[in-house]
Amino acid sequence: MSSRIVITGAGGLVGRVLAGQARQQGRDVLALTSAECDITDPSASERFISSDDVVVNCAAYTKVDAAEADPDRAAAVNTVGAEYVAHACARAGASLIHLSTDYVFSGAFHDGEPRPYDIDDDVGPLSVYGRTKLAGEFAVLSAMPTAYIVRTAWIYEGRDDGSDFAAGIRRAAAGTDTVDVVADQIGSPTYVVDLAEALLQIAGGEISEAVLHAANGGACSRYEQAQAIFEEVGADPARVKPVGSDRHPRPAPRPPYSALSEVKSAAAGLTPLRPWRDAVAAAMEAAGPLPSTP
Ligand SMILES: NC(=O)c1ccc[n+]([C@@H]2O[C@H](COP(=O)([O-])OP(=O)(O)OC[C@H]3O[C@@H](n4cnc5c(N)ncnc54)[C@H](OP(=O)(O)O)[C@@H]3O)[C@@H](O)[C@H]2O)c1
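Calculation criteria
- Residues numbered from 1 in each chain as written.
- Predicted model: local features only at pLDDT ≥ 70, side-chain atom pairs only at ≥ 80, totals over all residues.
- Heavy atoms only, no water.
- Helix = DSSP H or I, 4+ residues; strand = E, 2+ residues; numbered from the N terminus.
- Rg over C-alpha atoms; globule rule 2.2 N^0.38 Å.
- Buried < 20%, exposed > 50% of the residue type's maximum accessible area, 1.4 Å probe, protein only.
- Contact = heavy atoms within 4.5 Å.
- Areas by Shrake-Rupley, 256 points an atom, 1.4 Å probe, with all protein chains shown as cover.
- Lys, Arg positive; Asp, Glu negative; His and termini not counted.
- Charge placed at Lys NZ, Arg CZ, Asp CG, Glu CD.
- Near = heavy atom within 4 Å.
- Polar contact = N/O pair within 3.5 Å; in protein donor to acceptor, adjacent residues only side chain to side chain.
- Nonpolar A, V, L, I, M, F, W, Y, C, P; charged D, E, K, R; others polar.
- Pairing = 2+ DSSP bridges.
- Axes fitted to C-alpha atoms, helices over the stretch in contact; angles between N-to-C directions.
- Left-handed = near helix turned anticlockwise from the far one by under 90°.

### Some words on the overall build of the protein chain
For the protein chain, the count of helices and strands is 9 helices and 12 strands. Relative to its length of 294 residues, the protein chain is compact, with a C-alpha radius of gyration of 19 Å against a globular reference of 19 Å. Seen along its three principal axes, the alpha-carbon backbone of the protein chain occupies a region of about 55 × 45 × 40 Å. Looking at the protein chain as a whole, 52% of its 294 residues qualify as buried. Restricting to contacts in the protein chain with at least 6 residues of sequence separation, those with at least 24 account for 81%. When the accessible area of the protein chain is evaluated, it comes to approximately 12,600 Å², of which 51% is carbon and sulfur surface. Across the protein chain, the centroid of the 24 positively charged side chains sits 4 Å from that of the 39 negatively charged ones.

Here it is in structure tokens:
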């Protein structure tokens, strides 16, 4: 019998989709929202975790810009809260998969041309969010060396009622205006359904590396991702206009390049996620017809 999947942060994008896919696979799932299990409470998660569970910690302070003004709250969730979950798993004899981010990298390469980041490349977060997530990686592994850290990136689903990047671009595609999208941030857009599938594979416990990258294959800019979404929904991609990130200054700096390499994760046994462009097509098909314009 497969282990129960316990999801913290289950009200978020990854937690919600993961819970649905795990149930579809016939898994026993305990999906805990922040109201049910606040991971900043040192004893909250251990009330729910039993031996043989696989805990997937999807709980995080993910407001990248707001974190700049609230570093204590970001650290409380992303670092200390993650550590509490790891201690609870270690004490209970459960397994743990903890999610992390491409924002642990800086995008600055000392050795020439950018190339997708490997799991053991130098980290160098630029933002409070990235720093608190990186500290969370260390805290989790020090509390529980057998935990998996899964770095992922630019997660989207694209549903009409969603707040992710693809959902916003899709709504823009349904209109008639042009849309400005930054062309100088390159990364690995990742369809949440593909990420959830990878997490369920990792939950099987057969992967031989502690730190993994799980992102759709290849790399593109936000501008190229937006154009792909327009193409998939039958809108004119010429309505997407490339701009520099200096046109939309934001409180938290983003790495100019943060694509994640799947090579070492694949060598450790993780099935590579499909190429990002194929995933955009699948996501837009799953999202259904465009909403009608107001
Ligand atoms: N989204 C991305 O593009 C992206 C990229 C790279 C990595 N990641 C990582 O992937 C993971 C999942 O992210 P996501 O996209 O699903 O984010 P999300 O939609 O913002 O979900 C995060 C969830 O964490 C919950 N949460 C916040 N504080 C909590 C606390 N103290 N205790 C328990 N739950 C708490 C939130 O609940 P409330 O809403 O009630 O606060 C929310 O349901 C995170 O580790 C994130 O850092 C995300």
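Moving on from the model shown.
### Some points on the site of the ligand
The environment of the ligand is made up of 25 residues, and the closest members are Ser-34, Asp-38, Thr-62, Tyr-129 and Lys-133. At a separation of 2.9 Å, an oxygen atom of the ligand approaches a polar backbone atom of Val-14. Between the ligand and the protein, one listed contact pairs an oxygen atom with a backbone N or O atom of Leu-99 at 3.4 Å. Looking at the shell around the ligand, the element that brings in the most residues is strand S4 (residues 95–101), giving 3 residues. For the shell around the ligand, the per-class residue count stands at 13 nonpolar, 9 polar and 3 charged.

### Examining helix H7 (residues 222–232)
Most of H7 is tucked away: 8 of the 11 residues are buried. Listed in full, the buried residues belonging to H7 are Arg-222, Tyr-223, Gln-225, Ala-226, Gln-227, Ala-228, Ile-229 and Phe-230. For H7, the elements touching its buried residues are strand S6 (155–156), helix H5 (165–174), strand S7 (179–182), strand S11 (220–221), strand S12 (240–243) and helix H9 (276–287). Directly after H7, the chain includes Gly-234, whose backbone phi takes a positive value near 80 degrees.

### Re the environment of Leu-126
Mapping Leu-126 onto the fold places it in the loop between S4 and helix H4 (128–143). For Leu-126, a relative accessible area of 32% gives the class partly exposed. Along the backbone, Leu-126 and Gly-162 are 36 residues apart, and their C-alpha atoms lie at a distance of 27 Å. Leaving out residues up to four positions away in the same chain, Leu-126 has contacts with Tyr-103, Ser-106, Arg-131, Pro-253, Arg-254 and Pro-255.

### A short note on the sheet that holds strand S2 (residues 29–32)
Taken in spatial order, the 6 strands line up as S2-S1-S3-S4-S5-S10 in an open sheet, and their pairing is parallel. Single-partner strands in this sheet number two, and they are S2 and strand S10 (211–213). Across the sheet, the axes of successive neighbouring strands diverge by a mean angle of 20 degrees, strand direction being ignored. Judged from the 4 bridges that link them, strand S1 (residues 5–8) and S2 form a sheet pairing that is parallel. By the bridge assignment, Val-6 is partnered in S2 with Leu-30. H4 rests against S4, strand S5 (148–152) and S10 of the sheet, and its axis sits at about 160 degrees to S4.

### Overview of the packing of helix H1 (residues 13–24) against helix H6 (residues 192–202)
H6 packs onto H1 with a crossing angle of 60 degrees between their chain directions and a minimal axis gap of 9 Å. Our pair here, H1 against H6, has a crossing hand that is right-handed. Taken together, the residues of H6 that come into contact with H1 (itself represented by Leu-13, Val-14, Val-17, Leu-18, Gln-21 and Ala-22) are Val-192, Val-193, Leu-195, Ala-196, Glu-197, Leu-199 and Leu-200. Each residue belonging to the contact of H1 with H6 can be placed in one class, and the counts come to 11 nonpolar, 1 polar and 1 charged.

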